[in-house]
Amino acid sequence: MEPSLKPSPTIVASSSSSAPFGPQGSPTWHAARARCKTDLYFLARHVLGYRDIGTALHRDLCHRWERRTLKLFKLWLMPRGHLKTTLLTISGNIQRILNNPGVRITLFFNTITNAMNKLREMRAHFDKNRTFRYLFPEFCPPEGVRRVTGYRWTDHAFEVPNRPVRFAEPTVSAAAFEGATVSAHVDHLHFDDVVDDLNSRTPDYRAKIKAQYLDSLQLRHDHSQSTIDLVGTVWH
């Protein structure tokens, strides 16, 4: 019989100090770790603590994400207010890191402020989320330590301490869409709301966005294997 992986309904991942899936090293602990790597809904709601993710739409979106994991290019368009950034950008890329600690990800947003805010939210799970830290201690700084010596851990980028290979690029970096860094080589490009109601108003603006997107593709380390996610809001 498969171990039960349903945590206590009182568990809030960001504040609980208990072990909702049994002691570290137990069968249920290992089962929960494995499930986080394949079940985005489980990871986002029960481990990362995003309790607003709970509708049939969110479950369907997670299933679509999981079926398309190996696709090189994916486009996700939804109206505002459906938690697509929480589910796809933050939770989805954390899952990507769990499956490949050596991955190099760049998050593009319309402004560097937005990009840094979302990177900080993602990084906070490695810093402070007790359920995540208890399930994946090897991915996190030691308790009370904000960073591991020699590894980047800033508002612009962070690097998990269990990377199998040290690259010039961090695990996750934040970037403004208009400021792509041509010297980087990454495995995954993630664009989130780089098109907004202001920069898409005129044909000239839209042509500039297209040119910037095509320019950013040169950051891919391997054009035959590097992946791209485009997460956007439907404006028109």
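You'll find the structure just up there.
Let's talk about the nonpolar core
Residues I94, I97, F126, F132, L135 and F158 are the most contacted members of the largest nonpolar core, which totals 45 residues. When near neighbours in sequence (up to four residues on either side) are disregarded, L135 contacts F21, W29, A32, R33, C36 and V47. Counting 14 residues, the second-largest nonpolar core is a separate cluster that includes V186, Y213, L217 and L230.

A short note on helix 1 (residues 27-36)
Residues of helix 1 that are buried: W29, A32, R33 and C36. Looking straight down helix 1, one finds its buried side chains confined to an arc of 100°; they lie on one side. Looking at the buried side of helix 1, the elements it contacts are helix 2 (40-47), helix 4 (84-99) and helix 6 (130-135).

What to know about the pattern of salt bridges
Evaluated as defined, the whole model comprises 14 salt bridges. Two residues, R104 and D187, come together in a salt bridge whose shortest N-O distance is 3.2 Å. Here R104 is found in the loop between helix 4 and strand 2 (105-109), whereas its partner D187 is found in the loop between strand 4 (172-176) and strand 5 (188-192), with 83 residues between them in sequence. Judged by its relative accessible area of 5%, R104 falls in the buried class. Here D155 and R123 are joined by a salt bridge, their closest N and O atoms 3.3 Å apart. Here D155 is found in the loop between helix 6 and strand 3 (157-158), whereas its partner R123 is found in helix 5 (residues 112-127), with 32 residues between them in sequence. Here the residues in one salt-bridge network are R120, R123, D127 and D155, joined through shared partners.

A short note on the pairing of strand 6 (residues 227-233)
For strand 6, the buried fraction is high: 7 of the 7 residues fall into the buried class. Burial along strand 6 is two-sided: the face carrying T227, D229, V231 and T233 and the face carrying I228, L230 and G232 are both buried. Pairing of strand 5 with strand 6, which is carried by 5 bridges, proceeds in the parallel orientation. Paired with H188 across the two strands is T227, which belongs to strand 6.

Digging into the packing of helix 4 against helix 5
Interaxial distance between helix 4 and helix 5 falls to 11 Å at its minimum, and their mutual angle equals 50°. For the element pair helix 4 / helix 5, the angle class is oblique. For the pair helix 4 and helix 5, the sense of crossing is right-handed. Residue-level inspection shows T85, T89, I90, N93, I94 and I97 of helix 4 in contact with helix 5, the latter providing K118, E121, M122, H125 and F126.

Re the packing of helix 1 against helix 2
The axes of two packed helices give the description: the angle between them and the distance between them. Interaxial distance between helix 1 and helix 2 falls to 7 Å at its minimum, and their mutual angle equals 120°. Between helix 1 and helix 2, the residues in contact are A32, R35 and C36 and F42, L43 and V47, respectively. Its residues assigned to classes, the contact of helix 1 with helix 2 shows 5 nonpolar, no polar and 1 charged.

Some details on the side chain of T86
By secondary structure assignment, the location of T86 is in helix 4. Under the relative-accessibility criterion, T86 is labelled buried at 15%. Excluding anything up to four places from it in sequence, T86 contacts Y50, I53 and S91.

Points about the sheet that holds strand 4
The mixed open sheet is built from 6 strands, whose spatial order is 1-6-5-2-4-3. The open sheet has two edge strands with one neighbour each: strand 1 (73-78) and strand 3. Pairing of strand 2 with strand 4, which is carried by 5 bridges, proceeds in the parallel orientation. The residue bridging T106 from the neighbouring strand is S173, located in strand 4. Those strands touched by helix 3 (residues 56-67) are strand 1 and strand 6, and its axis lies near 170° from that of strand 1.

Cut-offs applied
Residues numbered from 1 in each chain as written. Predicted model: local features only at pLDDT ≥ 70, side-chain atom pairs only at ≥ 80, totals over all residues. Heavy atoms only, no water. Core = buried A, V, L, I, M, F, W, Y, C linked by side-chain atoms within 4.5 Å. Buried < 20%, exposed > 50% of the residue type's maximum accessible area, 1.4 Å probe, protein only. Contact = heavy atoms within 4.5 Å. Helix = DSSP H or I, 4+ residues; strand = E, 2+ residues; numbered from the N terminus. Arc of directions from axis to C-beta. Salt bridge = Lys/Arg side-chain N within 4 Å of Asp/Glu carboxyl O. Pairing = 2+ DSSP bridges. Axes fitted to C-alpha atoms, helices over the stretch in contact; angles between N-to-C directions. Parallel < 35°, antiparallel > 145°, perpendicular 65-115°, else oblique. Left-handed = near helix turned anticlockwise from the far one by under 90°. Nonpolar A, V, L, I, M, F, W, Y, C, P; charged D, E, K, R; others polar.

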